[in-house]
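For reference, the chains in residue letters:
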Amino acid sequence: MADILPATTFRPIDGMEMNRVPDGAMIYQANQERVHFLNPTALVVFELCGMDKNAAEIEAFVAEAFGLASAPTEVVRDCLSSLVEEGLVVACAPSSSAP
Amino acid sequence: MRPIVFRTLRREYRLHAPPEIRQQLLFMETTPTISGVELEIVDIEARLRDGFVVATLPGGRLIEGSANNLLSALHQLVMQDLIDTEPGAPFVHGATVVVDDRRLLMVAQKGSGKSTLALHLAMQGHQVEGDEHLVIREREVVARPRTLRVKPGTLSLVAGLPPSVWDAPFIANWDDSPIRAVSPAIGGQDWVIRSGRLSGIVFLVANHGGRSAARRIAAEDAFRRLMRNVLLPSAGVAMAAGRLRQLAATTPAYRLLLGNLDVAEWHLRSIAGLLT
């Protein structure tokens, strides 16, 4: 599993096609000829990866968006790990502004 | 001599061939009525030169070789025609049949008995629209025009076939056994292909020699099974996959263990009775 730190940021890989569907999105990775389905939560996390947010900021956003009492650290990091392992995003060096 | 006619969703190809190779090329004949479409007529001339078949296809491709070479090129032509006509559409591998006014897509892996069941349904008076691909358009579906491709074992399984089925044009399989091209009109009804709504999806699972049984499956399961049986376009893959997901989410899906053909038909009619 990818090592995800709170300050780790992410970048979607190039050359992907995305198509939104009512229950999430389909992502096509041309270089691997693979199609992925992201559910709504994974889609939110994936899109935040493209906005230069780090892992801690993504957790905070998801907590607020879904009205959670505490940050869903494990769930979000599992999701980020999956996105990294599937090659949909790459982890970048931790940003200096992260907590 | 009348030409050999084979239709796609936008064209009627008329192949003019000399008598020496006509019987072999009749395998291409595909003559459904494509409802609501005025087909463009395209003539293709095939002739013999020094014992070889020579033909120029639309687009200028020159074919020189055996009748089998020409057949192979014509199959490519028909497939490319479909891809060009339906850009961005996923094609699901399956037979399309209208049972009690409900259009059902029967999806199956090779050897599952799809064509055998389609032939049985045609003989029972159901409207078989196609036996190879269903084109998933944005708001409707349409079957790819293609005859049933039937192996000798199938003919012995389906009751009531007319003797003429043994005269259907054929090509040789890898083991030299014939694969016959049988029209969905074999049961006596017209072969008509209409675009429209899909009522249900039925995934066939072979249970040769056993009983037939059906059960409803979840949309997520249906989507996974569709993805295993789909031809996606070379561009706009995510869009096409999204269209497939939408289809799985909005169309009731079933798994049919395919054994006895009469019981399988009973299940399909029961399923059709549940659908709107």
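All figures in this text were calculated on a predicted structure; none of them were measured in a lab. (Residues numbered from 1 in each chain as written. Chains lettered and ligands numbered in written order. Predicted model: local features only at pLDDT ≥ 70, side-chain atom pairs only at ≥ 80, totals over all residues.)

The subject of this paragraph is the packing of helix α5 (residues 219-227) of chain B against helix α6 (residues 237-250) of chain B. Residue and element names in this part refer to chain B. At a minimum axis distance of 8 Å, the contact between α5 and α6 shows a crossing angle of 140°. Here α5 is positioned oblique relative to α6, judged by the angle of their axes. Between α5 and α6 lies a crossing of right-handed hand. Where α5 approaches α6, its residues Ala 219, Ala 222, Phe 223, Leu 226 and Met 227 are matched on the opposing element by Leu 244, Arg 245, Ala 248 and Ala 249. When the residues that make up the contact of α5 with α6 are grouped by side-chain class, the tally is 8 nonpolar, no polar and 1 charged. (Axes fitted to C-alpha atoms, helices over the stretch in contact; angles between N-to-C directions. Helix = DSSP H or I, 4+ residues; strand = E, 2+ residues; numbered from the N terminus. Parallel < 35°, antiparallel > 145°, perpendicular 65-115°, else oblique. Left-handed = near helix turned anticlockwise from the far one by under 90°. Contact = placed C-beta atoms within 7 Å. Nonpolar A, V, L, I, M, F, W, Y, C, P; charged D, E, K, R; others polar.)

All names here are of chain A. Within the span of helix α1 (residues 40-49), buried status applies to Ala 42, Val 45, Phe 46, Leu 48 and Cys 49. An end-on view of α1 places all buried positions within 165° of arc, on one side of the element. In this fold, the buried residues of α1 make contact with β1 (9-12), β4 (34-38), α2 (55-65), α3 (73-85) and β5 (89-92). (Buried ≥ 20, exposed ≤ 12 C-beta atoms within 10 Å, placed from the backbone. Arc of directions from axis to C-beta.)

Right, let's talk about unusual backbone geometry for a bit. Its identity is not glycine, yet Asp52(A) carries a phi of approximately 65°, on the positive side. Along the chain, the position of Asp52(A) falls in the loop between α1 and α2. Although it is not a glycine, Asp100(B) sits at a positive phi angle of roughly 50°. Among the residues examined, Asp100(B) registers 14 C-beta atoms within 10 Å and is labelled partly exposed.

The next point concerns the sheet that holds strand β14 (residues 178-182) of chain B. Residues and elements named next belong to chain B. Strand order in the open sheet formed by 3 strands is β12-β14-β13, and the pairing between neighbours is antiparallel. Single-partner strands in this sheet number two, and they are β12 (148-150) and β13 (170-172). Sheet twist, expressed as the average angle between the axes of neighbouring strands with direction ignored, equals 25°. This element, helix α3 (residues 114-123), spans β12 and β14 of the sheet and lies at about 115° to β12. (Pairing = 2+ DSSP bridges.)

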